[in-house]
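Coordinate analysis (summary)
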Amino acid sequence: MPSRQQPRRIARELALLSLSQIKGKAEQLDKVELSDLTLAAIRALTSEVQDTLETASSEVKRGHNQLFEYETKATTLESAKTMIKEALTLTQEAINRLANAVEFPEIIQLASQYEVRGYAIELIGTINRRRQEIDEQLEAVLKDWQLRRLAKIDQDILRLAVAEILFLNVPEKVAINEAVELAKRYSDDDGYRFINGVLRRFTDHIKKN
């Protein structure tokens, strides 16, 4: 059974997952119910699960074909093993996402729903209004990368943290730690380390300027 979590932590996760599906100006966002946010988040998670499983299935088929067509070639055998290993990793990720989708409504029920909805809407509204400014700040500290080249979930985790630091008076350390925790759930090992590095460069950048 999911444990009780802090409302703001749940709100961040809810905002992250529903961000791409919940649009509109402040007055439109005010009409968005918690159930709408939850549904959008679950849809985002299940869509990602489907995409991940399709990719894993393709990798299994490719590896299977190489194993049977080129049994005697050691290099091809190693390549096939790598494909199948990657497919298993992707499948595990999909299972984790599915577990998150199943638990999410119950987690919200265990929290202060008023606080969860309020902060999730505030985050989404802030990012929608300040997207250009937030993205410009991130582009300034992304070394040898462009924001649009990052995975969509990593982009939105970064936007969430920058919005909190710049516009919502959240302490830098708290915003970075929460972003890293989100990345651990929804990105990968390289992803959360990358996000941690970018946000630390960002805080150094705003202190200098």
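Quick summary incoming for the structure in this document. (Residues numbered from 1 in each chain as written. Predicted model: local features only at pLDDT ≥ 70, side-chain atom pairs only at ≥ 80, totals over all residues. Heavy atoms only, no water.)

What to know about the packing of helix H6 (residues 152-167) against helix H8 (residues 189-208)
- Between H6 and H8, the shortest axis-to-axis distance is 11 Å and the interhelical angle comes to 30 degrees. Our classification of the angle between H6 and H8 gives roughly parallel. In the packing of H6 onto H8, the handedness of the crossing is right-handed. Mapping the contact onto sequence places Asp 154, Ile 157, Leu 158, Ala 161, Val 162, Ile 165 and Leu 166 in H6 and Gly 191, Ile 195, Val 198, Leu 199, Phe 202, Thr 203 and Ile 206 in H8.
- A breakdown of the residues in the contact of H6 with H8 according to their chemical character gives 11 nonpolar, two polar and one charged. (Axes fitted to C-alpha atoms, helices over the stretch in contact; angles between N-to-C directions. Helix = DSSP H or I, 4+ residues; strand = E, 2+ residues; numbered from the N terminus. Parallel < 35°, antiparallel > 145°, perpendicular 65-115°, else oblique. Left-handed = near helix turned anticlockwise from the far one by under 90°. Contact = heavy atoms within 4.5 Å. Nonpolar A, V, L, I, M, F, W, Y, C, P; charged D, E, K, R; others polar.)

Some words on the packing of H6 against helix H7 (residues 172-186)
- Two elements in contact, H6 and H7, have axes whose closest approach is 9 Å; the angle formed by their N-to-C orientations is 165 degrees. When the axis of H6 is compared with that of H7, the two are roughly antiparallel. As H6 packs across H7, the resulting crossing turns out to be right-handed. In contact with Ile 153, Ile 157, Leu 160, Ala 161, Glu 164 and Ile 165 of H6, H7 contributes Glu 172, Ala 175, Ala 179, Leu 182, Ala 183 and Tyr 186.
- Residue composition of the contact of H6 with H7, by class: 10 nonpolar, no polar and two charged.

A closer look at the nonpolar core
- Within the largest apolar cluster, 54 residues are counted, with the highest numbers of intra-cluster contacts made by Leu 14, Leu 37, Ile 157, Leu 158 and Leu 199.
- Among the secondary structure elements, those contributing two or more residues to this core are helix H1 (7-18), helix H3 (34-69), helix H4 (74-109), helix H5 (113-141), H6, H7 and H8.
- No other element matches the 10 residues that H5 contributes to this core.
- With near-sequence residues (within four places) excluded, Leu 158 lies in contact with Leu 138, Leu 147, Leu 150, Ile 195, Val 198 and Leu 199. (Core = buried A, V, L, I, M, F, W, Y, C linked by side-chain atoms within 4.5 Å. Buried < 20%, exposed > 50% of the residue type's maximum accessible area, 1.4 Å probe, protein only.)

Side note on the side chain of Glu 13
- Mapped onto the fold, Glu 13 is located in helix H1.
- Look at Glu 13 and you get buried, because its relative accessible area is 5%.
- There is a polar contact of 2.3 Å between the side chain of Glu 13 and the side chain of Tyr 186.
- Those residues in contact with Glu 13, other than ones at most four positions away along the chain, are Phe 104, Leu 182, Arg 185 and Tyr 186. (Polar contact = N/O pair within 3.5 Å; in protein donor to acceptor, adjacent residues only side chain to side chain.)

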